[in-house]
Amino acid sequence: MKIPRRALIFGRFQPFHLGHLGVIEWALDRFDELVLLIGMADESHTVRNPFTAGERIWMIREALKEAGVGLDRVITATVPTMSVYVGHALYIVNLVPHVHAIITRNPVIAQVFRDVGLEVVLPPEFNREKYRGTTIRHLMLTNGDWETCVPEKVAEIIKYLNGVERIKQAGSKD
Ligand code: ATP
Ligand code: MG
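Fair warning: this is a prediction, and the values are worked out from it, not measured in the lab.

The rules behind these values
- Residues numbered from 1 in each chain as written.
- Chains lettered and ligands numbered in written order.
- Predicted model: local features only at pLDDT ≥ 70, side-chain atom pairs only at ≥ 80, totals over all residues.
- Heavy atoms only, no water.
- Salt bridge = Lys/Arg side-chain N within 4 Å of Asp/Glu carboxyl O.
- Helix = DSSP H or I, 4+ residues; strand = E, 2+ residues; numbered from the N terminus.
- Buried < 20%, exposed > 50% of the residue type's maximum accessible area, 1.4 Å probe, protein only.
- Near = heavy atom within 4 Å.
- Polar contact = N/O pair within 3.5 Å; in protein donor to acceptor, adjacent residues only side chain to side chain.
- Areas by Shrake-Rupley, 256 points an atom, 1.4 Å probe, with all protein chains shown as cover.
- Nonpolar A, V, L, I, M, F, W, Y, C, P; charged D, E, K, R; others polar.
- Core = buried A, V, L, I, M, F, W, Y, C linked by side-chain atoms within 4.5 Å.
- Contact = heavy atoms within 4.5 Å.

1. A word on the pattern of salt bridges
- All told, the structure shown has 7 salt bridges when counted by the stated rule.
- Note that E125 is salt-bridged to R105, the shortest N-O span being 3.8 Å. With E125 in the loop between β5 (119–121) and α5 (133–141) and R105 in the loop between β4 (101–103) and α4 (107–115), this residue pair connects regions lying 20 residues apart in the sequence.
- For R105, a relative accessible area of 41% corresponds to the partly exposed category.

Pasting the structure below:
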């Protein structure tokens, strides 16, 4: 059996957007398989983490199918936190099938995973001004044009979930 070369992409995917898709398509030209690890899996219904881990898995799967990405090459996993330190990196690499590399532009995440023996691969930026979770959540809060920042299927799922109302509710005071 040929051992697949795998890379890890670690994020919150709140929500899954076209920048994530760009990185995934770029990475699939370089690795056999990708592990998408969804952090902060135990937080939802907040402004920073509006969607549940399950909803994020659903968005990712539908977006990849829509883009023609083979789901047989992508593994999704979850982890409750997003904290990074060396002990946590060891914990994380043992939650997922063996990965050779981590794909990240975050220098802290890069260093921590380098320390536990992973190769660090720096992806290009895909229209980072527009395709950034924080920006997209802000657009949702302010009736901005968030829909063009996410794959069509993700926009459909967010509407089905009343995601805009949810994030506004999370941002309001009692
Ligand atoms: P947030 O603002 O909520 O942190 P984000 O857009 O950074 O959202 P994450 O879920 O934190 O999304 O990102 C997961 C990974 O995808 C990170 O390594 C991040 O650098 C990368 N990434 C996200 N958007 C882009 C983009 N437009 N181009 C390149 N890499 C991206
Ligand atoms: Mg981020």
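2. Considering the site of ligand 1
- Residues in close proximity to ligand 1 total 18 residues, the closest being R12, H17, F126, R128 and T134.
- With respect to ligand 1, the backbone of F126 contributes an N or O atom lying 2.6 Å from a nitrogen atom.
- Isolated, ligand 1 exposes 590 Å² of accessible area, and the fraction of that covered by the protein chains is 88%.
- Those elements giving two or more residues to the shell around ligand 1 turn out to be β1 (6–11), α1 (18–28) and α5.
- The residue inventory of the shell around ligand 1, partitioned by class, reads 6 nonpolar, 7 polar and 5 charged.

3. Description of the nonpolar core
- Counting 36 residues, the largest nonpolar core has I9, F16, I24, L34, M59, L64 and I103 as the members making the most contacts within it.
- The set of elements that each furnish at least two residues to this core consists of β1, α1, β2 (33–38), α2 (53–66), β4, α5 and α6 (152–160).
- At 6 residues, α1 tops the list of elements feeding residues into this core.
- Dropping the residues within four chain positions of it, I9 is found in contact with V23, I24, L34, V35, L36, L37 and I103.

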